[in-house]
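Geometric and topological summary
Spelled out, the chains give:
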Amino acid sequence: MKGSYDITVQNKRIRYDFQIRRNITVIRGNSATGKTTLIDMVREHYEEGENSAVELRCDKQCAVIDGRSWKGQLSDLSDSIVFIDEGNQFVFSDEFASFIQKTDNYYVIVSREGIPSLPYSVDEIYGIRNSGKYGSLKRTYNEFYHLYEKNDFSAPVIPDTIITEDSNSGYQFFCAVCTRNNIRCVSANGKSGIFETAEKSKGKSLLIIADGAALGSEIGKLVELAKVRNNITLYFPESFEWLILTSGVINNSETADILSSPGEYIESSEYFSWERYFTALIVRITKDTYMQYTKKKINDYYIQKHVANRILQEINNVQLNSETETREMKRN
């Protein structure tokens, strides 16, 4: 399945309107915010159809799974949007993560905790709130909202330490940049190590760079740490490969349309996260060229000063270059 889907779920008392954009969406929030009510309404419509008191509009079938028989229930579902309420511990298992990679469904999971086994995006974590859209009507209108918004830096950030998620090409790229500009660069060796690495890191200004497309389970802890320590800046592009592609250092006519609406191109049964898709895309379009990209080792082409500077320009209001290089970048 690929693309985005508008969903309306309503009865005489309450209505939900929202859009699902990727294969994994997580709904969080405290009790009495309407999460379980939404799941119950979807379940009622799924089980009783037109005989239920629930109206559900969506271009795809919407279903609910739960309990010990989740695997059997999933085996009967294809090309569907699958809802899972909180309390179903199987969503935290490696078995569930492995199983759903082989399906062509989208998943909407209610969970107050992060789900480390799943690579879901920081952009697809939502809460539910009453929008007041229907005013004095008895029916309550609910909408999804992003729990974690992207940073909008009001002033340039000049870090003295950078923490990267991986130890491969992304880390090697930022190490090369940092070496040129006397900045310390540290690898967290994976998303699960970012929080601990950041907590232990000293410095006047710390910049954390990680793949936003798969960092959903860790974002809550990192945001809270950044609130406690005012020297931390968070930057979560879709992935390092996405950063390269958006910079334009690879001249390819195919990528413009893809980058403008990735969801229309990324088949969920083939790519479990958008990070995997962008890696496959850049590997394919640079194959057998001087720009050939590999995940394990950065091609020297990308760390040339003029190429690296174009990539760095995508990181708005974060200055990783010397003042002289920054002036040169602006002139160019």
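Here's a quick rundown of the structure. (Residues numbered from 1 in each chain as written. Predicted model: local features only at pLDDT ≥ 70, side-chain atom pairs only at ≥ 80, totals over all residues. Heavy atoms only, no water.)

Here we come to the pattern of salt bridges. In this structure the tally under the stated criterion is 17 salt bridges. With a closest N to O distance of 2.7 Å, Arg284 and Glu254 form a salt bridge. With a gap of 30 residues between them, Arg284 in helix α9 (residues 274–286) and Glu254 in helix α8 (residues 253–260) connect regions that are remote in the sequence. Owing to a relative accessible area of 33%, Glu254 belongs among the partly exposed residues under this scheme. Here the salt bridges share partners, and the residues they tie into one network are Arg22, Asp123, Glu124 and Glu238. (Salt bridge = Lys/Arg side-chain N within 4 Å of Asp/Glu carboxyl O. Helix = DSSP H or I, 4+ residues; strand = E, 2+ residues; numbered from the N terminus. Buried < 20%, exposed > 50% of the residue type's maximum accessible area, 1.4 Å probe, protein only.)

In this section: α9. The end-to-end C-alpha distance of α9 is 18 Å, a good match for the 18 Å that 13 residues give at a rise of 1.5 Å each. Of the residues making up α9, those classed as buried are Trp274, Glu275, Tyr277, Phe278, Thr279, Leu281, Ile282, Ile285 and Thr286. Close packing links the buried residues of α9 with α7 (240–247), α8 and α10 (300–303). Following α9 by one or two positions, Asp288 adopts a phi angle in the positive range, close to 60 degrees. (Expected span 1.5 Å × (residues − 1). Contact = heavy atoms within 4.5 Å.)

Glancing now at the packing of α7 against α9. Relative orientation of the contacting elements α7 and α9 amounts to 50 degrees, with a least axis distance of 8 Å. With respect to α9, the axis of α7 lies oblique. The handedness of the crossing between α7 and α9 is left-handed. Mapping the contact onto sequence places Glu241, Trp242, Ile244 and Leu245 in α7 and Glu275, Phe278, Thr279, Leu281, Ile282 and Ile285 in α9. Looking at the contact of α7 with α9 residue by residue, the class counts come to 7 nonpolar, 1 polar and 2 charged. (Axes fitted to C-alpha atoms, helices over the stretch in contact; angles between N-to-C directions. Parallel < 35°, antiparallel > 145°, perpendicular 65-115°, else oblique. Left-handed = near helix turned anticlockwise from the far one by under 90°. Nonpolar A, V, L, I, M, F, W, Y, C, P; charged D, E, K, R; others polar.)

Note that Glu165 resides in the loop between β10 (161–164) and α4 (169–180). Although Glu165 is buried, it forms no salt bridge, and the closest oppositely charged side chain is Lys191 at an N-O distance of 6.7 Å. Within the structure, the side chain of Glu165 is placed 2.8 Å from the backbone nitrogen of Asp211, a separation counted as a polar contact. Residues contacting Glu165, with those up to four places away along its chain left out, are Ser187, Ala188, Asn189, Gly190, Lys191, Ile194, Ile209, Ala210 and Asp211. (Lys, Arg positive; Asp, Glu negative; His and termini not counted. Polar contact = N/O pair within 3.5 Å; in protein donor to acceptor, adjacent residues only side chain to side chain.)

Here we come to the nonpolar core. Core analysis: the largest hydrophobic core is formed by 40 residues, its most contacted members being Leu74, Ile84, Phe96, Leu118 and Ile208. Broken down by element, this core gets its largest block of residues, 5 residues, from helix α6 (residues 219–228). Ranked by size, the runner-up nonpolar core spans 39 residues in total, among them Phe240, Leu243, Ile244 and Tyr293. (Core = buried A, V, L, I, M, F, W, Y, C linked by side-chain atoms within 4.5 Å.)

According to the stated counting rule, one finds 15 aromatic pairs in the structure shown. Centre to centre, the rings of Tyr293 and Tyr302 are 5.9 Å apart; their planes meet at 80 degrees, and the pair counts as edge-to-face. Residue classification places Tyr293 among the buried positions, given a relative accessible area of 2%. Linked through ring pairs, Trp70, Phe90, Phe96, Phe99 and Tyr107 together constitute an aromatic cluster. The ring of Trp274 carries Arg22 above its face, with NZ or CZ at 3.5 Å from the centroid. (Phe/Tyr/Trp six-rings, centres within 6.5 Å; stacked < 30°, edge-to-face > 60°. Lys NZ or Arg CZ within 6 Å of the ring centre and 35° of its normal.)

The subject of this paragraph is the sheet that holds strand β13 (residues 232–235). Pairing between the strands of a sheet comes from backbone hydrogen bonds, and it takes one of two forms, parallel or antiparallel. If you trace the 4 strands from one edge of the open sheet to the other, you get β11-β10-β12-β13, paired in parallel fashion. One side of each edge strand has no neighbouring strand; the edge strands of this open sheet are β11 (184–187) and β13. Between one strand axis and the next, the sheet turns through 20 degrees on average, direction left out of account. Alignment of strand β12 (residues 206–209) against β13, held across 4 bridges, turns out to be parallel. Bridging across to β13, Leu206 finds its partner in Ile232. Contacts between α4 and the sheet are confined to β10, β11 and β12, with β11 contributing the most and set at about 165 degrees to the helix. Across the sheet, α6 lies against β12 and β13, angled at about 150 degrees from β13, the strand it touches most. (Pairing = 2+ DSSP bridges.)

With that settled, the discussion passes to unusual backbone geometry. For Asp79, which is not a glycine, the phi torsion comes out positive at approximately 55 degrees. Taking relative accessible area as the criterion, Asp79 reaches 31% and is therefore assigned partly exposed. Not every positive phi belongs to a glycine, and Asn189 is a case in point at roughly 55 degrees. Mapping Asn189 onto the fold places it in the loop between β11 and α5 (194–200).

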